[in-house]
Amino acid sequence: MKKILFFTAVVTVFMGIVNSATAQKISAQSEETNILYFNPEVEPDIEEIKEPTNNAFFTTVSDKMSTVRKNRMMRSETNIPYENVDSQTISEYCKNNDADFAIVPKVKYFKVGLGKYVFSNQVIVSMKLFDAQGNFIVSSDYDTYRKNMRLLGSAENSIKIGTNGALKSILKQLKKMRKSSDTEF
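The paragraphs below set out a description of the structure included in this document. (Residues numbered from 1 in each chain as written. Predicted model: local features only at pLDDT ≥ 70, side-chain atom pairs only at ≥ 80, totals over all residues. Heavy atoms only, no water.)

1. Re the layout of surface pockets
1) Next: By volume, the largest pocket is sized at about 550 Å³.
2) Next: In this structure, the largest pocket is lined by 19 residues; those nearest its centre are Asn 71, Phe 101, Leu 171, Leu 174 and Arg 178.
3) Next: Mapped by element, the contributors of at least two residues to the lining of the largest pocket are strand S1 (33-39), strand S4 (101-111) and helix H5 (155-184).
4) Next: In terms of residue class, the lining of the largest pocket is built from 13 nonpolar, 2 polar and 4 charged. (1 Å grid on protein atoms, 1.4 Å probe; cavity = no way out; pocket = protein on both sides within 12 Å on 5 of 7 lines; lining within 4 Å. Points joined across faces, edges and corners; volume = space filled by probe spheres on them. Helix = DSSP H or I, 4+ residues; strand = E, 2+ residues; numbered from the N terminus. Nonpolar A, V, L, I, M, F, W, Y, C, P; charged D, E, K, R; others polar.)

2. Some details on the packing of aromatic side chains
1) Next: Taken as a whole, this structure holds 3 aromatic pairs when the rule is applied.
2) Next: For the pair Phe 57 and Phe 58, a centre-to-centre distance of 5.2 Å together with 80 degrees between the ring planes defines the contact as edge-to-face. Residues Phe 57 and Phe 58 agree in their burial class; the two are buried.
3) Next: Aromatic side chains Phe 130 and Phe 136 sit 5.7 Å apart centroid to centroid with 70 degrees between the ring planes, which places their arrangement in the edge-to-face category.
4) Next: Here Phe 130 falls in the buried class, since its relative accessible area comes to 5%.
5) Next: Here the guanidinium or amino end of Lys 128 rests over the ring plane of Tyr 82, the centre of that ring lying 4.6 Å away. (Phe/Tyr/Trp six-rings, centres within 6.5 Å; stacked < 30°, edge-to-face > 60°. Buried < 20%, exposed > 50% of the residue type's maximum accessible area, 1.4 Å probe, protein only. Lys NZ or Arg CZ within 6 Å of the ring centre and 35° of its normal.)

3. Description of the environment of Tyr 142
1) Next: If you trace the backbone, Tyr 142 turns up in strand S6 (residues 136-143).
2) Next: It is 5.5 Å that separates the C-alpha atoms of Tyr 142 and Ile 124, two residues lying 18 residues apart in sequence.

4. Notes on the side chain of Thr 53
1) Next: When you line up the elements, Thr 53 lands in helix H2 (residues 47-67).
2) Next: Sequence-distant contacts of Thr 53, defined by excluding residues within four places in its chain, comprise Val 42, Val 107, Tyr 109 and Ile 159. (Contact = heavy atoms within 4.5 Å.)

5. Some words on the nonpolar core
1) Next: The biggest cluster of nonpolar side chains holds 23 residues, and the ones touching the most others in it are Tyr 37, Phe 57, Tyr 109, Met 127 and Ile 159.
2) Next: Those elements giving two or more residues to this core turn out to be S1, H2, S4, strand S5 (119-131), S6 and H5.
3) Next: For Ile 159, the contacting residues outside a window of four places in its chain are Thr 53, Ala 56, Phe 57, Val 107, Tyr 109, Val 123 and Val 125.
4) Next: Of all hydrophobic cores here, the second largest spans 11 residues; its members include Phe 38, Ile 90, Ala 102 and Phe 130. (Core = buried A, V, L, I, M, F, W, Y, C linked by side-chain atoms within 4.5 Å.)

6. Brief notes about helix H3 (residues 87-97)
1) Next: Along H3, the residues classified as buried are Ile 90, Ser 91 and Cys 94. Here the buried residues of H3 occupy an arc of 95 degrees about the axis, which is enough to place them on one side.
2) Next: Just downstream of H3, Asp 98 is the residue with a positive phi angle, here 55 degrees. (Arc of directions from axis to C-beta.)

7. Structural notes on the pattern of salt bridges
1) Next: Counting across every chain of the model gives 7 salt bridges.
2) Next: With a shortest N-O distance of 4.0 Å, Glu 47 and Lys 50 are connected by a salt bridge. Of this pair, Glu 47 and Lys 50 both sit in helix H2, 3 residues apart, roughly one helical turn.
3) Next: Using a relative accessible area of 60% as the deciding quantity, one classes Glu 47 as exposed.
4) Next: Residue class for Lys 50 comes out partly exposed when judged on its relative accessible area of 22%.
5) Next: As a salt-bridge pair, Arg 75 and Glu 77 come within 3.1 Å of each other at their nearest N and O atoms.
6) Next: Through salt bridges with shared partners, a single ionic network connects Glu 43, Glu 83, Lys 106 and Lys 108. (Salt bridge = Lys/Arg side-chain N within 4 Å of Asp/Glu carboxyl O.)

Here it is as structure tokens:
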């Protein structure tokens, strides 16, 4: 009789531990933030540089998001113009992709020289952050020449540095907004 009682006590405790671990896992998943990234608008509009620019941009974003556990990156192959963002379009994409936020990026290469298609490896990476309803929250720009004074290096590395800088700036601005909203209430 003692063995049966001991066995049921051990099984009950074990089941309680498994249930609490499952509940913690479910609550951790519900706190995850989904962020939808669109293809960056590339300036100048040259077809040959769009795919390498997109690859460098999304590689950097996925590397950055892998360090932040509560954020999940989703990619949309849609090109949205950076200057004329339609809030209705953003809200529809967020609704259809179950996203909490959306980022509309732009990568602008510097034009140097006399020719029409001559440009350098320096870039300005700009991003706009929107909520799921399409409301503008914050924007960020990162100029690789002014911030890092980079004269040499590949365009791919400049895009990575610019993307990291723009993401850090957005996160810093969001932290400031949270702190100011906490103190106001």
